[in-house]
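Observations on the model geometry
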Amino acid sequence: PAKPAAQSPMKLTALQLLLWHSALWMVQEANPLGPASSLPQSFLLKCLEQVRKVQADGAALQERLCTTHKLCHPEELMLLGHALGIPQPSLSSCSSQALQLTGCLHQLHSGLFLYQGLLKALAGISPELAPTLDVLQLDVTDFAINIWQQMEDLGMAPAVQPTQATMPTFTSAFQRRAGGTLVASNLRSFLEVAHRALRHFAKP
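A few points on the structure.

Conventions adopted
- Residues numbered from 1 in each chain as written.
- Predicted model: local features only at pLDDT ≥ 70, side-chain atom pairs only at ≥ 80, totals over all residues.
- Heavy atoms only, no water.
- Disulfide = S-S within 2.5 Å.
- Buried < 20%, exposed > 50% of the residue type's maximum accessible area, 1.4 Å probe, protein only.
- Helix = DSSP H or I, 4+ residues; strand = E, 2+ residues; numbered from the N terminus.
- Expected span 1.5 Å × (residues − 1).
- Contact = heavy atoms within 4.5 Å.

Below, the discussion takes up the state of the cysteines. If you walk through the whole model with that rule in mind, you get 2 disulfides. Here Cys66 pairs with Cys72 through a disulfide, and the sulfurs are 2.1 Å apart. When the S-S torsion is 90 degrees, as for the bridge of Cys66 with Cys72, the disulfide is right-handed. Judged by relative accessible area, which is 25%, Cys66 ranks as partly exposed. Sulfur-sulfur distance for the disulfide between Cys94 and Cys104 comes to 1.9 Å. On the S-S bond that ties Cys94 to Cys104, the torsion sits near 110 degrees, and the link is right-handed. Highlighted residues: Cys94 in the loop between α3 (78-84) and α4 (101-121) and Cys104 in helix α4, separated in sequence by 10 residues. Relative accessible area serves as the criterion here: at 2%, Cys104 is assigned to the buried category.

The following block contains the structure:
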């Protein structure tokens with residue numbers, strides 16, 4: 001009667017070993033370029049500084065939309081965002097569960113490129129917000145260029161630059177301002193994930 005109980009731990013150990021080997025294989029497959037230290041520290045430090053700059057720009061735009069136009073709660077505008085067709089880029093390769101160097105850099109650049117288009121679509125948002133929007137757009141563009149140049153230096157840039165997706169059409173001042181609130185909020189969330197990934201890549 002004691003035999004099945006004695007076999008159970010052995011079966012469990014074998015299963016754990018199999019799962020461990022499977023997890024190790026997945027990690028190796030997900031990191032074809034080796035350790036994160038293959039990225040220059042100067043590039044990573046510049047990226048982290050650009051993240052902070054764009055985050056501050058986005059916060060400034062959100063704050064001005066809140067104080068000037070009472071658009072203070074992006075979560076209340078989510079349905080409108082879906083109706084307007086405001087896209088959100090993926091950063092699945094930069095998440096802590098599936099961090100992968102090449103894929104993360106590609107998604108980071110594609111996402112920044114998408115936000116360039118979204119910010120351009122917000123042109124005419126309002127005269128008092130135009131300077132804040134212009135600064136945000138410029139800093140997002142600089143960040144995207146920095147990522148692309150690094151991918152080219154490492155020989156991992158796509159053969160062609162991405163093409164811009166179809167942008168939402170804002171037909172009223174309110175839609176532009178509501179869109180600005182959502183885009184700034186989404187951009188800041190996007191950059192939080194990017195910041196965590198870049199900090200991981202910066203570890204020795």
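Let's pick the thread back up.
Turning our eyes to something else, we now look at helix α5 (residues 130-153). Taking 1.5 Å as the rise per residue, α5 with 24 residues should run 34 Å; its terminal C-alpha atoms sit 35 Å apart, in good agreement. Of the positions making up α5, those classed as buried are Thr132, Leu133, Leu136, Asp139, Val140, Phe143, Ala144, Asn146, Ile147, Trp148, Gln150 and Met151. Buried residues belonging to α5 abut α2 (41-69), α4 and α6 (173-202). Where α5 terminates, the next one or two residues include Gly155, which has phi positive at roughly 70 degrees.

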